[in-house]
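# Survey of secondary and tertiary structure
Residues per chain, in single letters:
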Amino acid sequence: HGDFHAGRLEVDSFSVGARFGNLNGTALLAQDARGWRLTGNVRSPDVSVEELVRYLTVPAGAEQPATAAPFRGTAKIELALAGSGPTVAETLTRAAASGPVSVSGAALAGVNLGLAATLGGASGAGGVTRLTEFDLEIAGSADGLAARNLVGRAGGLRVKGGFTVDRKLQLRGLIRSEVASPRGTAAADIRLGGTVSEPTYQ
């Protein structure tokens, strides 16, 4: 719902349904003396992280893999839209979305971060990490995605760090895993690599 005329397009509300969840928000694209400017927001209470990974990594019409995606959970997002440029096309190309994300039922396949902390590294710490709390801040654009201030926890396990995903879905980042016990705190720094569909932990 919205209206438009020369130099201004205002969307009071939009709703987009996809297989990975529902997106809602507002947008304003307006012209001023310096060019065009985009503002707005995108919200969702139910983005399936697993389905989003499949949407990004599995070509349309291809058979879905039988194995589970390496990242799972349901994300709640509250993102702000922003962009500017001399033309509408450049403004939309430069547009970015940023804001907080909270994931319930978060799980990482391929690494047990609690075990990695006790071993001092990811070597020999295969498995799955399930987190009861998982929060981060993201900034996404046509160039990729950057996540910072990542904080997760489950019992005595604490996880923090950040990562980036480029246009080719290459994954890079660093996570610090800590496990507290009566004997003290064990910790390990783990580097993320590989791709979104096949991450590596070192």
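Residues numbered from 1 in each chain as written. Predicted model: local features only at pLDDT ≥ 70, side-chain atom pairs only at ≥ 80, totals over all residues. Heavy atoms only, no water.

Secondary structure summary: the protein contains 3 helices and 13 strands in total. In the protein, which comprises 202 residues, the share counted as buried stands at 36%. Just so you have it, the protein exposes about 11300 Å², and 55% of that area is on carbon and sulfur atoms. Charge centroids of the protein, computed over 20 positive and 18 negative side chains, lie 7 Å from each other. (Helix = DSSP H or I, 4+ residues; strand = E, 2+ residues; numbered from the N terminus. Buried < 20%, exposed > 50% of the residue type's maximum accessible area, 1.4 Å probe, protein only. Areas by Shrake-Rupley, 256 points an atom, 1.4 Å probe, with all protein chains shown as cover. Lys, Arg positive; Asp, Glu negative; His and termini not counted. Charge placed at Lys NZ, Arg CZ, Asp CG, Glu CD.)

In this structure, Asn149 takes a positive phi of about 50° despite not being glycine. As for its placement among the helices and strands, Asn149 is situated in strand E9 (residues 144–154). Given a relative accessible area of 43%, Asn149 falls into the partly exposed group. Here Leu169, not a glycine, exhibits a phi torsion of approximately 65°, which is positive. Looking at where Leu169 falls in the secondary structure, it is placed in the loop between strand E10 (157–166) and strand E11 (171–181).

All right, on to the side chain of Thr129 then. Following the sequence through the fold, Thr129 ends up in strand E7 (residues 128–131). In this structure Thr129 comes out as buried when scored by relative accessible area, which is 3%. For Thr129, the side chain forms a polar contact with the main-chain oxygen of Val111, separated by 2.7 Å. (Polar contact = N/O pair within 3.5 Å; in protein donor to acceptor, adjacent residues only side chain to side chain.)

Inspection of the secondary structure assignment puts Ser44 in strand E4 (residues 35–48). A polar side-chain atom of Ser44 sits 2.5 Å from the main-chain carbonyl oxygen of Asn22. Not counting the four nearest positions on each side in its chain, Ser44 is found in contact with Asn22, Leu23, Ala75, Lys76 and Ile77. (Contact = heavy atoms within 4.5 Å.)

To continue, consider the nonpolar core. Ranked by size, the top nonpolar core spans 41 residues in total, and within it Ile77, Val101, Leu131, Leu136, Phe163 and Tyr201 carry the most contacts. In this structure Leu136 touches Gly99, Pro100, Val101, Ala147, Arg148, Asn149, Leu150 and Phe163, once residues within four positions along its chain are discounted. Counting residues in hydrophobic clusters, the runner-up holds 5 residues, among them Ala27, Leu29, Leu38 and Ala95. (Core = buried A, V, L, I, M, F, W, Y, C linked by side-chain atoms within 4.5 Å.)

On to the pairing of E7. Of the two faces of E7, the one lined by Thr129 and Leu131 is fully buried and the one lined by Val128 and Arg130 carries no buried residue. The pairing of strand E6 (residues 96–109) with E7 spans 4 bridges and is classified as antiparallel. Bridging from a neighbouring strand, Leu108 pairs with Thr129 of E7. (Pairing = 2+ DSSP bridges.)

Along helix H1 (residues 49–57), the residues that are buried comprise Val49, Val53 and Arg54. All buried residues of H1 fall inside an arc of 140° around its axis, so they share one side. Residues of H1 that are buried in the fold lie against E4, strand E5 (71–85) and E6. (Arc of directions from axis to C-beta.)

So, about the environment of Asp32. In this structure, Asp32 sits in strand E3 (residues 21–32). Judged by its relative accessible area of 32%, Asp32 falls in the partly exposed class. Sequence spacing of Asp32 and Leu131 is 99 residues, and the spatial spacing of their C-alpha atoms is 46 Å. A polar atom in the side chain of Asp32 sits 2.9 Å from the backbone nitrogen of Arg34.

In the structure shown here, the tally under the stated rule is 9 salt bridges. Between Arg8 and Glu10 there is a salt bridge, with the nearest N and O atoms lying 3.1 Å from each other. Judged by its relative accessible area of 30%, Arg8 falls in the partly exposed class. The exposure class assigned to Glu10 is partly exposed, which follows from its relative accessible area of 24%. Notably, a salt bridge pairs Arg176 with Asp189, separated by 2.9 Å at the nearest N-O pair. On the criterion of sequence distance, the pair formed by Arg176 in strand E11 and Asp189 in strand E12 (residues 184–194) is long-range, its members being 13 residues apart. Owing to a relative accessible area of 44%, Asp189 belongs among the partly exposed residues under this scheme. Counted as one network, the salt bridges with shared partners bring together Arg176, Glu178 and Asp189. (Salt bridge = Lys/Arg side-chain N within 4 Å of Asp/Glu carboxyl O.)

These results come straight from atomic positions and should not be treated as a statement about function.
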